[in-house]
Amino acid sequence: MMRPHITDEDGVSNMVEYMTISGVLVVLLILMTFAVNAIFMEGPSDRLAYHSFVDIGNGISTRIVDVYVLAPDNGSIATAFDIPDDVAGQGYQVSLDVGRLDSNQQVVVSRGDVMSRISIAGIGATMGVAGNTTGTGINKISYNSAGF
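My aim in this report is to walk through the structure given alongside it, one point at a time. (Residues numbered from 1 in each chain as written. Predicted model: local features only at pLDDT ≥ 70, side-chain atom pairs only at ≥ 80, totals over all residues. Heavy atoms only, no water.)

1. Points about the overall build of the chain
- When you go through the chain residue by residue, the secondary structure sums to one helix and six strands.
- Starting at the N terminus and ending at the C terminus, the chain contains elements arranged as α-β-β-β-β-β-β.
- Across the 148 residues in the chain, those meeting the buried criterion constitute 26%.
- Put simply, 64% of the contacts in the chain that link residues at least 6 apart link residues at least 24 apart.
- Put simply, the chain shows about 10300 Å² of open surface, and 60% of that area lies on carbon and sulfur atoms. (Helix = DSSP H or I, 4+ residues; strand = E, 2+ residues; numbered from the N terminus. Buried < 20%, exposed > 50% of the residue type's maximum accessible area, 1.4 Å probe, protein only. Contact = heavy atoms within 4.5 Å. Areas by Shrake-Rupley, 256 points an atom, 1.4 Å probe, with all protein chains shown as cover.)

2. Looking at the packing of aromatic side chains
- In this structure the tally under the stated criterion is one aromatic pair.
- Ring geometry for Phe 53 and Tyr 92: centres 5.6 Å apart, planes at 45 degrees, overall tilted. In this pair, Phe 53 is assigned in helix H1 (residues 8-70) and Tyr 92 in the loop between strand E1 (76-82) and strand E2 (93-96), connecting sequence segments 39 residues apart. As far as burial versus exposure is concerned, Phe 53 and Tyr 92 are alike and both buried. (Phe/Tyr/Trp six-rings, centres within 6.5 Å; stacked < 30°, edge-to-face > 60°.)

3. Some words on the nonpolar core
- Counting residues in each nonpolar core, the largest one holds 24 residues, and the members touching the most others are Ile 60, Ile 64, Tyr 92 and Val 107.
- Among the secondary structure elements, those contributing two or more residues to this core are H1, E2, strand E3 (106-111), strand E4 (114-119) and strand E6 (138-144).
- It is H1 that provides the largest number of residues to this core, a total of eight residues. (Core = buried A, V, L, I, M, F, W, Y, C linked by side-chain atoms within 4.5 Å.)

4. Observations regarding the pairing of E4
- Burial along E4 is one-sided: Val 114, Ser 116 and Ile 118 are buried, and none of Met 115, Arg 117 and Ser 119, which face the opposite way, are.
- The loop that links E3 with its antiparallel partner E4 comprises two residues; one of these, Gly 112, has a positive phi angle of about 60 degrees. (Pairing = 2+ DSSP bridges.)

5. Describing the sheet that holds E2
- Taken in spatial order, the four strands of this open sheet run E4-E3-E2-E5, and their pairing is antiparallel. Edge strands, defined here as strands with exactly one partner in the open sheet, are E4 and strand E5 (131-134). Averaged over all neighbouring strand pairs, the angle between strand axes comes to 15 degrees, with direction disregarded.
- Strand direction decides the pairing type here: E3 and E4, joined by six bridges, are antiparallel. Residue pairing across strands places Val 107 opposite Ile 118, the latter belonging to E4. (Axes fitted to C-alpha atoms, helices over the stretch in contact; angles between N-to-C directions.)

6. Quick notes on the environment of Ala 80
- For Ala 80, the position within the fold is in strand E1.
- Here Ala 80 falls in the exposed class, since its relative accessible area comes to 54%.
- Separated by 58 residues in the primary sequence, Ala 80 and Ile 138 have C-alpha atoms spaced 6.5 Å apart.
- Excluding anything up to four places from it in sequence, Ala 80 contacts Ile 138, Asn 139 and Lys 140.

Laid out in structure tokens, this is it:
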């Protein structure tokens, strides 16, 4: 029985074919690695962070309104509260609109390009709020009838 004769050109042709297919597959693998990270990890993490930021903003807005309701005509009041140190493994910033004295004052909770804005219910027309904080440590809301 005779074996078919393989020429050098057949061997090189097979090698080039395997190298081309392997190269295309490696490029597709690299592209999929970046796409999987963006689609399956960053998207759900940002969605979780947004909903957590809404909860944190609502809690801070409620505490500000509580301090406003309890605030004396003459004197001061302060309260300490704790918020989560991080959301989805990363820190965040909480800030209040400074210098706006209208009904649309907001608590802004943000990290990078994920942000939630929560209105401070009903006190914006009579009292301005200012300040910012992060999630680490104990936070404080203080009111003084004489102003800041």
